[in-house]
Amino acid sequence: MKYETGMHIVYDVLAKGVLIEFRGKSHYLAGPFKTQKEAIGAGEELCRKLGWGKSDDAGGI
């Protein structure tokens, strides 16, 4: 599924956490996550819980 406009998920390689920007709010999941793929998956799951994919008017890219 495409990310919404302004939605960013960034893996922190030093701390092994993930920074999420979603609908104007920042979130940080400390992890530690073993891989970037695992961290990005956790960030996407958080965005789903916050409403990503539930509405067509969210401004997808």
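All figures in this text were calculated on a predicted structure; none of them were measured in a lab. (Residues numbered from 1 in each chain as written. Predicted model: local features only at pLDDT ≥ 70, side-chain atom pairs only at ≥ 80, totals over all residues. Heavy atoms only, no water.)

What to know about the overall build of the chain
Scanning the chain from N- to C-terminus turns up 1 helix and 3 strands. The 61 residues of the chain split such that 28% are buried. Contacts in the chain between residues at least 24 apart in sequence constitute 43% of all its contacts with a sequence separation of at least 6. (Helix = DSSP H or I, 4+ residues; strand = E, 2+ residues; numbered from the N terminus. Buried < 20%, exposed > 50% of the residue type's maximum accessible area, 1.4 Å probe, protein only. Contact = heavy atoms within 4.5 Å.)

Let's talk about the pairing of strand E3 (residues 25–29)
Pairing between strand E2 (residues 17–22) and E3: 5 bridges, direction antiparallel. Bridge pairing links Leu19 to Tyr28 in E3. Counting the residues that bridge the hairpin from E2 to E3 gives 2 residues, and of these Arg23 lies at a positive phi of roughly 50°. (Pairing = 2+ DSSP bridges.)

Quick word on the environment of Ile40
By the secondary structure assignment, Ile40 is in helix H1 (residues 36–49). Put simply, Ile40 and Ile9 are 31 residues apart on the chain and 6.4 Å apart in space, counted from C-alpha to C-alpha.

Observations concerning H1
Taking 1.5 Å per residue, 14 residues should reach 20 Å; H1 reaches 20 Å between its end C-alpha atoms and fits that length. Among all positions in H1, only Ala39, Ile40, Gly43, Glu44, Leu46 and Cys47 are buried. Down the axis of H1, the buried set is contained in an arc of 155°. They therefore lie on one face. Residues of H1 that are exposed and point over 90 degrees away from its buried face: Lys37 and Lys49. Residues of H1 that are buried in the fold lie against strand E1 (8–12), E2 and E3. Two residues or fewer past H1, Gly51 is found with a positive phi of approximately 115°. (Expected span 1.5 Å × (residues − 1). Arc of directions from axis to C-beta.)

Some thoughts on a nonpolar patch on the surface
Together, Val10, Leu19 and Tyr28 make up a nonpolar patch on the protein surface, roughly 260 Å² of accessible area in all. Positionally, Val10 belongs in strand E1. (Patch = residues over 30% accessible without salt bridge, like charges linked within 9 Å, V, L, I, M, F, W, Y side chains within 5 Å. Areas by Shrake-Rupley, 256 points an atom, 1.4 Å probe, with all protein chains shown as cover. Salt bridge = Lys/Arg side-chain N within 4 Å of Asp/Glu carboxyl O.)

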